[in-house]
Structures are given as C-alpha cells and as structure tokens.
Amino acid sequence: MRILLLFIFGFSLTLAFDNGLGKKPQMGWNSWNKFACNINETVILQTAEKMKELGLLEYGYEYIVMDDCYALKERDPISHKMVEDAAKFPNGIRSLSRRIHELGFKFGMYSSAGKYTCAGYPGSLHYEKIDAETFVNDWEIDYLKYDNCFNEGNSGTPQISYQRYEAMSKALLQTGRPVFYSLCQWGEDQVWDWGSTVANSWRITGDIYDSFDRYDDRCPCQTYDCRAVQGGMCSMTNILEKAVPLGQKAGPFSGWNDLDSLEVGNGGMSTDEYKAHFTLWAILKSPLVLGNDVTDMSKEDFNIVTNKAIIAINQDDSNPAYRVWKKPVSGGHLHLFTNILKDGTFAVTLFNSGNKVNNTVLNFEDIFLTDRVNAAKSFEFTELWTNETTLVSKELSTSIDAHSVKIWWLNCPKDICNKTTSVMHDEL
Ligand code: GAL
C-alpha cells in the first residue's frame, strides 16, 4: 500500500507544473498599452533606464516585457527561426536583453499560440520548440506572454486550448531556464480552471481600455462566464466584475488571474479613478504590470503605483480579496472587499463605482462574516491612501467620494504602515 501511495504521490509531483516562479503576482512593465506596435530599442531601453532611476525596481517592478511587433513578418526560410527587425533593434534583441539584465531587471517577450501574433507577425503554434529555444538561447528571456490570435480553430473547448498552451509550457521547461509563463487567452475556454497546470498567470478578459466604466460593444461580456467573444476595449469596472468571482481560482499554490496591464498614467481616468484601479488590481492579486510611458510620468501617478502598503497586500502570501457585498447607489454600486493576509491581519476595501458621494457604515459582522471573536474586538484602521489611523469597535462610519476607493489595513504591522508620518510612500 505504501509503495502504491508513494508511486501515486511521486507521479502526481512530476505532473504538476512548477517552474519555481509565480509564488506572488508578477510586477513589471509592458509596452502594449502605451506604445502598441511603436516599439524599438530606444523605447524599451529608455523605459528600463528610467525605471531604474525612479527606483521602481525596489518597489518590485522587475520584469520589462516587450510585447508584439519586434519581428520581421517572415521566418528565416532555412532555420525557420523568427527574425528580429533590425531597423527597430539595430544592436539586436540580445544586446537589449543584456543591457536590461545589467540594470538589474528581468526581460520578457511575447508570442501567440497561433499562426500569427495579433499584429500579424509570426506566431509560435507548431513552432513551440524552435521559438522557445530562440527566446531563451538567443534572447535570454525570463518571461513569456503568450497570446491567442490566429489559433487556426484550436479553441472552443478547455482541452483544445489547454493542449495549445501546454505545448509552449513544455518547450519552455525543456530549455532549462526558469521563464515566467503568462497566458493571454482573454478568458476563453475557462482558462482559470486549467491555467495553473501549465502556467504562472492567465488573462481572464479581453483587452483593457483606459476608461473607468465606458460601455463598448467590442467588449460584449459583462460577466466572466459569458460564452460570446471576449473582445477588447473593456473598461476597468467591466474587468473588475469579471474578476471578482474568479478570485477563488487564484493563489500562491496555483497562480494568478491577470486583469491586464495597468492604465495608470495613460490619461483616460482621474487620479481618484486610477487609485481605485490600482487598489482593486492589487487586492485581487492581479499582476501589477505598468502600461504607461514611465519616462513621462506625473508625480500623482508615480505616487499611486508606489504605494508600498498596497503593493505589500498584492505581494502578500495569501489569496485574492473576496467581495462581501455590493449595494446599488446612484450611477453604480458600493462594494466591500476583505483580504485575509498571511499574518492573520485583515485589509478592507470600500469602492464607490457610483457618481455621487456616499455615507455608509461598515459592520464588523460584514468584515469578519462568521468570525465572532474578531467581530467583538477593536482594531486600528489605517487608511492606506491617507495614512490616517483610527481606533474602531463594532462598526466604521465613513463617507466615500464618487469613483473612489478607501482601503484600510486593520492593526497594520508597523513596518508596513508607518503610523508616525502622513506620507507613507516616497515622493517623486
Ligand atoms: C492582444 C493582447 C494584448 C496585446 C496585443 C498585441 O491579443 O490581448 O495584450 O498583447 O494582442 O497584438
């Protein structure tokens, strides 16, 4: 019997996907939201240099990811390898990658599990091995974002999609270099059910659009389980609604729901809306991947993406937040979320997606649900955007502006919430 159990256990260990990465949501920068196809050596390098100068690496932003449009449209006719576009990369992608590594960052690239990438460059379907070797051996990548365009009909059931993404997963593992593997399958074929068995993170929706709540028919789905085309042009709150019920599918032992790169700094939302966007992505444990031009970033935007306490919640060894309630208000809803952190402390987030200021009461019964012991205690509530601390018992009465968020860490550890100063993160 023991031998049988050992055999079964050993067998399941060899089957599990483990490249040693993805214990925390990844943090970094991706070129797509701001630059789309307008990338080249200068854009990527200047971004890395500026991120270094701003200290963003120390905040955790470690991956510099170059998205679509770096290759020539045709593969090499003899080797069948992808060919870098020498006009965009006069010194070659390898030299770019080395420079990024010298700066202390990790380097990421992009491909598609299809015949072409979404912008029409060569995709890796049926070329997984050769491309994984090019990415690793020639370009020394540490991260691959793997898209879904031109998949030649190899989709429509979870298993068919799974096989397509598994092929690249295996090819990357076979190179022997740890490569963070980030699926970009837009939430089709219930990727949240199987993504963790081949990858470190998985996109759960169509592309983000830099808007708080603008409706767009090109993002037809309003909930995660919509069977229609996932589309793109999805507003921040559209993605939020799809992400919340899927929190239970993500965590330190599986991997992460990817809500798409951040739009902070791209100009489509107000400062309060960007604070809400950043906070919600952080508590739901989405990857925190900047998507703006960091070489031209306002002080407000820098301060948003460098809120150390909110980053600490995102990077904490715990599961995504769960939503306790959602109540209709003018133009939207009030939403209450709870995070239970590794050390047993709690974070509570109140989000007003409506268009008017609201007064509300947060009952401890709601925050702690069935946990009567905690519901009877008093807590120091430290609000993480203002750094104000208040001692609270039983309930917290508060008011919240339109399109805004408040987030409190209850009895926040002193090394994270510096309760002696009013500004808790560094200034630009
Ligand atoms: C989309 C993907 C975007 C971006 C783009 C590149 O499918 O969702 O994030 O990578 O392709 O063409």
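It should be noted that the structure appears before, not after, this text.
Residues numbered from 1 in each chain as written. Predicted model: local features only at pLDDT ≥ 70, side-chain atom pairs only at ≥ 80, totals over all residues. Heavy atoms only, no water.

### Topic: the site of the ligand
Contacts to the ligand come from Trp32, Asp67, Asp68, Tyr110, Cys118, Ala119, Lys145, Asp147, Cys184, Trp186, Arg203 and Asp207. Note that an oxygen atom of the ligand is positioned 2.7 Å from one of the side-chain N or O atoms of Asp67. Look at the ligand: alone it shows 310 Å² of surface, and the protein chains cover 95% of it. Of the residues in the shell around the ligand, the class split is 6 nonpolar, no polar and 6 charged. (Near = heavy atom within 4 Å. Polar contact = N/O pair within 3.5 Å; in protein donor to acceptor, adjacent residues only side chain to side chain. Areas by Shrake-Rupley, 256 points an atom, 1.4 Å probe, with all protein chains shown as cover. Nonpolar A, V, L, I, M, F, W, Y, C, P; charged D, E, K, R; others polar.)

### Digging into the packing of aromatic side chains
In this description, a pair of aromatic rings is defined by centroid distance and the angle of the planes. Following the criterion strictly, the structure yields 20 aromatic pairs and no others. When the ring of Tyr162 is compared with that of Trp194, the centres are 5.8 Å apart and the planes differ by 85°; the resulting orientation is edge-to-face. Linking Tyr162 in helix α6 (residues 158-175) with Trp194 in helix α7 (residues 191-194), this pair joins segments that are 32 residues apart in sequence. The class of Tyr162 is partly exposed, set by a relative accessible area of 21%. Judged by centre distance (6.2 Å) and plane angle (65°), the ring pair of Phe381 and Trp408 falls under edge-to-face. One end of the pair, Phe381, is in strand β13 (residues 378-383); the other, Trp408, is in strand β16 (residues 404-410), and 27 residues separate them in sequence. Given a relative accessible area of 0%, Phe381 falls into the buried group. (Phe/Tyr/Trp six-rings, centres within 6.5 Å; stacked < 30°, edge-to-face > 60°. Helix = DSSP H or I, 4+ residues; strand = E, 2+ residues; numbered from the N terminus. Buried < 20%, exposed > 50% of the residue type's maximum accessible area, 1.4 Å probe, protein only.)

### Considerations on the sheet that holds strand β7 (residues 256-258)
Sheet strands associate in pairs through backbone hydrogen bonding, adopting either a parallel or an antiparallel arrangement. Spatially, 8 strands are ordered β7-β6-β5-β4-β3-β2-β1-β8 in an open sheet, and the strand pairing comes out parallel. What marks the edges here is a single partner per strand, and that holds for β7 and β8 (288-290). Neighbour to neighbour, the strand axes of the sheet diverge by 25° on average, direction disregarded. As paired elements, strand β1 (residues 27-30) and strand β2 (residues 63-65) share 3 bridges and run parallel to each other. Bridging across to β2, Trp29 finds its partner in Ile64. Helix α4 (residues 93-102) rests against β2 and β3 (106-112) of the sheet, and its axis sits at about 140° to β3. (Pairing = 2+ DSSP bridges. Axes fitted to C-alpha atoms, helices over the stretch in contact; angles between N-to-C directions. Contact = heavy atoms within 4.5 Å.)

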